[in-house]
Amino acid sequence: MLYAIIGRDTPDSLPRRRAARPAHLARLSALAAEGRLLVAGPLPAIDAPDPGPAGFVGSLIVAEFASLAAARAWADADPFVAEGVYASVEVHPYLKVLP
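Everything numeric here is computed off the predicted structure, so don't read it as measured data.

Enquirer: Would you mind going over the overall build of the protein with me for this structure?
Expert: Scanning the protein from N- to C-terminus turns up 3 helices and 4 strands. In terms of overall dimensions, the protein has C-alpha extents of about 35 × 30 × 25 Å along its principal axes. By residue count, 33% of the 99 residues in the protein fall in the buried class. Within the protein, the 10 negative side-chain charges are centred at a point lying 2 Å from the centre of the 9 positive side-chain charges.

What follows is the structure, given as structure tokens:
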């Protein structure tokens with residue numbers, strides 16, 4: 001089943017986000033290589049493709065996992081959690097309707 005993972009950034013997280021980004025992307029790339037990643041990306045703090053110093057307010061990941069518990073465990077092990085980028089992480093079952 002697909003699960004939506006929504007990470008909410010801590011204030012002033014941009015330097016920590018940049019430092020943890022390679023490890024974060026490596027985990028996402030592994031999901032993509034397994035054909036389990038539907039979409040992933042950051043949520044800019046302002047209405048711009050490059051928010052510059054405004055940074056990001058969080059991230060959205062939609063990927064396939066065996067269960068909600070497995071999705072939660074994967075999300076909890078993310079480098080953005082370990083490095084204090086995320087203040088909170090929500091994990092929800094996701095039903096793709098379109099396209």
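Now that the structure has been shown, the text picks up again.
Enquirer: Looking at this structure, I do not really get the layout of surface pockets. What am I missing?
Expert: By rolling a water-sized probe across the atoms, one finds the places where empty space is left. Here the largest pocket is characterised by a volume of approximately 270 Å³. What lines the largest pocket is a set of 15 residues, and nearest its centre among them are Arg17, Arg21, Leu25, Pro42 and Phe56. Put simply, the parts of the chain that give the lining of the largest pocket at least two residues each are α1 (14-33), β2 (37-44) and β3 (56-64). Examining the composition of the lining of the largest pocket, we find that 7 residues originate from one element, α1, more than from any other. Split into classes, the residues belonging to the lining of the largest pocket amount to 7 nonpolar, 4 polar and 4 charged.

Criteria and cut-off values
- Residues numbered from 1 in each chain as written.
- Predicted model: local features only at pLDDT ≥ 70, side-chain atom pairs only at ≥ 80, totals over all residues.
- Heavy atoms only, no water.
- Helix = DSSP H or I, 4+ residues; strand = E, 2+ residues; numbered from the N terminus.
- Buried < 20%, exposed > 50% of the residue type's maximum accessible area, 1.4 Å probe, protein only.
- Lys, Arg positive; Asp, Glu negative; His and termini not counted.
- Charge placed at Lys NZ, Arg CZ, Asp CG, Glu CD.
- 1 Å grid on protein atoms, 1.4 Å probe; cavity = no way out; pocket = protein on both sides within 12 Å on 5 of 7 lines; lining within 4 Å.
- Points joined across faces, edges and corners; volume = space filled by probe spheres on them.
- Nonpolar A, V, L, I, M, F, W, Y, C, P; charged D, E, K, R; others polar.

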